[in-house]
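# Architecture and fold: a report
The chain contents come next:
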Amino acid sequence: MKLFCITLLLFSFNLSATEVDGKITYKLPNGDLVDRFVSIDVPSRGQGDVVLRGKSFEWKTKKFSSSKENERLIFTAEFETEFRGTPSTLIFKGTYLKGLNKILYVGDIYKKKEDLKHIGLFSFEYLR
């Protein structure tokens, strides 16, 4: 019975979201590239919110999905944001790669208006 309780407790930890550190990189109006250090919480088994946090913001979304393309796991997350009173949608689309030592999320950031405009890159790394 004790072994069952310990197994159940360990399994419940695996079901919660894990905060993963990373960075986003984008171009400023003056042409310089800037890095912003952020973290992302990705819900286990796709249940819950994806949460992206930075120094002065926290974005949550339930609009995320994943698919397999040519043996790659592709994921997409859409965040409804607001900057200086102007709402917009940012789409993070990238690849998930899982190894024995770490998990990587890397990809592109798009701004959605009438079309998609590429505005930056992201990378997250979780050491196992």
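Throughout what follows, the structure given in this document is the object of discussion. (Residues numbered from 1 in each chain as written. Predicted model: local features only at pLDDT ≥ 70, side-chain atom pairs only at ≥ 80, totals over all residues. Heavy atoms only, no water.)

The next point concerns the overall build of the protein. Per the secondary structure count, the protein includes one helix and nine strands. The helix and strand sequence of the protein, counted from the amino end, reads α-β-β-β-β-β-β-β-β-β. Within the protein, the fraction of its 128 residues that count as buried is 27%. The long-range fraction of contacts in the protein, counting pairs at least 24 apart against all pairs at least 6 apart in sequence, stands at 26%. Working note: accessible area of the protein is about 9500 Å², and carbon and sulfur atoms make up 56% of it. (Helix = DSSP H or I, 4+ residues; strand = E, 2+ residues; numbered from the N terminus. Buried < 20%, exposed > 50% of the residue type's maximum accessible area, 1.4 Å probe, protein only. Contact = heavy atoms within 4.5 Å. Areas by Shrake-Rupley, 256 points an atom, 1.4 Å probe, with all protein chains shown as cover.)

As a further point, take the side chain of Thr 25. Its place among the elements puts Thr 25 in strand E1 (residues 18–27). Here Asp 35 takes part through its side chain, which lies 2.6 Å from a polar atom of the side chain of Thr 25. Apart from residues lying up to four places away in sequence, Thr 25 is in contact with Leu 33, Val 34, Asp 35, Ile 119, Gly 120 and Leu 121. (Polar contact = N/O pair within 3.5 Å; in protein donor to acceptor, adjacent residues only side chain to side chain.)

Considered as a void within the structure, the largest pocket measures approximately 1100 Å³ in volume. In terms of lining, the largest pocket is formed by 29 residues, of which the most central are Tyr 26, Trp 59, Phe 83, Leu 90 and Ile 119. Elements with a minimum of two residues in the lining of the largest pocket: E1, strand E2 (33–42), strand E4 (57–61), strand E6 (72–83), strand E7 (86–98), strand E8 (102–112) and strand E9 (116–127). If you tally residues by element for the lining of the largest pocket, the top one is E9, at five residues. (1 Å grid on protein atoms, 1.4 Å probe; cavity = no way out; pocket = protein on both sides within 12 Å on 5 of 7 lines; lining within 4 Å. Points joined across faces, edges and corners; volume = space filled by probe spheres on them.)

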